[in-house]
Amino acid sequence: MVMRMMRRAATALVALGGLGGGAAHAQSAGNAAYQTYFLQACTGATGALASLCAASRGGQLSGDSESSLNPNQTSVLASTSLARAQALAEATERRLEGVRAGDSDAKAEGGFGFFGSVQGEWSDQDRGPFDNERGFDADAWRITAGVDWRLSPNTIVGLSATYSDYGSDFDANRPGNAFTPQADAGGIDTEQVTILAFGSTSLSDAVWLDASAGVGFADHRIRRNATFQESNRLIPQTNVRAVGSPDGREYHAAVGLGYDGQMGPLSLGPYARLRYIRTKIDAYTERDGGVGLALNVSRARSTSFTSILGARASYAIGASWGVVVPQARVEFEHEFDDDARTATTRLALDPARTPFRLSNDAPDRNAFNLGASLLFVLPNGFAPYVDYEGQVGYRDASRHRVSAGFRSRF
């Protein structure tokens, strides 16, 4: 009890020291700054929120409830939006690699190409119970179709459309003293359509330049599962299931320059890329079925600017029915711009609109991408492929992608 009182007092002093204009800021040490914020919000609460405040003697929460109610799920939404745009840019770059490999024997001016692909992705983020963000497991799939046009023997341009579906579940809160958390802390579901333009040109027999740009329109559904419990833990806890449905936009552009040296059937060379991504997520108000803890959440803006230094090798193996081209690549990726972001939330039934500000964890600056693919160049211009890519070296997170697709020339 003494340690608990000391912890609360120390956290309250830290939080009150950062109260600019009456705002409470989330602290990572137990997320206990939410207690300070909730006491403020209860002073003028209305409706169902006022009833919860009265049941908890003006807003006194258990320590487990402080961490559970801390709405740091909202700070993850912008990060996952950046990651989806990054995935689409990378998929386009892989497609252009296949065009360069598959069309090397047929570069007639004026040829159309049609392509399609399906991609699956699995990722996770591990976080401790007192970190700024929550851990999660996620999966996504994307289906893409498009056309390209060879303007000249050295230049190709194209358009594509992608539908993607993303889903994640946040890690559950830990059980505590007379505290039973929900099965998970909620999650994010996103459906998105992206339109993308791209092009590639050969500057010489070995040097190439490519570029792409796209815009995506997203429908997000963020679920926040939390548990309200007063500090004495004497009355039954109240489960909160709040849902918000903001719209979002994603913009990205990329440019790459590389060298493919030919040594018989072996192609080997370095490349460099720059990617810029900008995402926007609208402000939204949650729906919680009248529990009283629904939030107003501010709009979110995020920017990423990354550089990629990579090396790629492929080997053409001839067969009676066509050519098989196994490929491998390694990339070093550095982030210049994606810093920790702040989101502002307010309890919808607090007339004073007392803000609670959340900061996400600053992302790692460096990571490595490892990839391998298999391209089949078949008669009549048909070229199917499979591709795998994994990210390594990123703190407490992992990502794996598998793609399969084709390109047909006519």
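Below, the structure is looked at part by part.

Mapping serine 202 onto the fold places it in strand β5 (residues 186–202). Of the residues examined, serine 202 reaches a relative accessible area of 23% and is grouped as partly exposed. Note: C-alpha distance between serine 202 and leucine 257 (55 residues apart in sequence) is 9.9 Å.

This part covers the nonpolar core. Grouped together as the largest cluster of nonpolar side chains are 34 residues, with contacts concentrated most on Tyr34, Phe38, Leu69, Leu293 and Leu347. Counting residues per element, this core draws most heavily on helix α2 (residues 33–42), at five residues. Among residues more than four places away in sequence, those in contact with leucine 347 are Tyr34, Tyr37, Phe38, Ala41, Leu49, Leu293, Ala294 and Leu295.

Moving on to the pattern of salt bridges. All told, the structure shown has 24 salt bridges when counted by the stated rule. We note a salt bridge from aspartate 148 to arginine 407, for which the minimum N-O separation is 2.7 Å. Within this pair, whereas aspartate 148 is found in strand β3 (residues 136–152), its partner arginine 407 is found in strand β20 (residues 397–409), the two being separated by 259 residues in sequence. Taken individually, aspartate 148 and arginine 407 each receive the classification buried, so the pair is uniform in this respect.

Within α2, eight of the 10 residues are buried, which leaves the element mostly enclosed by the surrounding structure. Here α2 has its buried residues at Ala33, Tyr34, Gln35, Thr36, Tyr37, Phe38, Ala41 and Cys42.

It is worth spelling out the side chain of asparagine 173 at this point. Looking at the element boundaries, asparagine 173 is found in the loop between β4 (155–170) and β5. At a separation of 3.3 Å, a polar atom in the side chain of asparagine 173 contacts the side chain of serine 68. Only 3.0 Å separates the side chain of asparagine 173 from the side chain of arginine 134, close enough to count as a polar contact. Dropping the residues within four chain positions of it, asparagine 173 is found in contact with Ser67, Ser68, Arg134, Pro181, Ala185 and Asn225.

By the secondary structure assignment, phenylalanine 356 is in strand β17 (residues 356–359). The class for phenylalanine 356 is buried, based on a relative accessible area of 0%. As a C-alpha pair, phenylalanine 356 and tyrosine 37 span 319 residues in sequence and 6.7 Å in three-dimensional space.

This part takes up the environment of phenylalanine 305. On the secondary structure map, phenylalanine 305 appears in strand β13 (residues 300–315). Assessed through its relative accessible area of 30%, phenylalanine 305 is described here as partly exposed. For phenylalanine 305 and aspartate 337, which are 32 residues apart along the polypeptide, the C-alpha to C-alpha distance reads 5.3 Å. Look past the residues within four positions of phenylalanine 305 in its chain and what remains in contact with it is Leu274, Arg275, Tyr276, His334, Glu335, Phe336 and Asp337.

A few words now on unusual backbone geometry. One non-glycine residue, alanine 178, adopts positive backbone phi at about 55°. As for its position among the elements, alanine 178 is in the loop between β4 and β5. Exposure remark for alanine 178: the relative accessible area of 53% places this residue in the exposed category. Of note in the backbone geometry, arginine 353 takes a positive phi value of approximately 55° without being a glycine. By the element assignment, arginine 353 lies in the loop between β16 (342–347) and β17.

Another aspect to go through is the packing of aromatic side chains. To describe a pair of aromatic rings, you give the distance between the ring centres and the angle between the ring planes. By the definition in use, this model includes 14 aromatic pairs. On the basis of an interplanar angle of 25° and a centroid distance of 6.1 Å, the ring pair of tyrosine 34 and phenylalanine 38 is categorised as stacked. Placement of both tyrosine 34 and phenylalanine 38 in helix α2 is noted, with a separation of four residues, approximately one turn of the helix. Per residue, the accessibility class of tyrosine 34 equals that of phenylalanine 38, and both read buried. Judged by centre distance (5.3 Å) and plane angle (55°), the rings of phenylalanine 332 and phenylalanine 368 are tilted. On the criterion of sequence distance, the pair formed by phenylalanine 332 in strand β15 (residues 322–335) and phenylalanine 368 in strand β18 (residues 366–377) is long-range, its members being 36 residues apart. The exposure class of phenylalanine 332 is partly exposed, given its relative accessible area of 30%. Exposure remark for phenylalanine 368: the relative accessible area of 41% places this residue in the partly exposed category. Ring-pair connections join several aromatic residues into one group, and the members of that group are Tyr34, Tyr37, Phe38, Phe228 and Phe356.

Conventions we followed
Residues numbered from 1 in each chain as written. Predicted model: local features only at pLDDT ≥ 70, side-chain atom pairs only at ≥ 80, totals over all residues. Heavy atoms only, no water. Helix = DSSP H or I, 4+ residues; strand = E, 2+ residues; numbered from the N terminus. Buried < 20%, exposed > 50% of the residue type's maximum accessible area, 1.4 Å probe, protein only. Core = buried A, V, L, I, M, F, W, Y, C linked by side-chain atoms within 4.5 Å. Contact = heavy atoms within 4.5 Å. Salt bridge = Lys/Arg side-chain N within 4 Å of Asp/Glu carboxyl O. Polar contact = N/O pair within 3.5 Å; in protein donor to acceptor, adjacent residues only side chain to side chain. Phe/Tyr/Trp six-rings, centres within 6.5 Å; stacked < 30°, edge-to-face > 60°.

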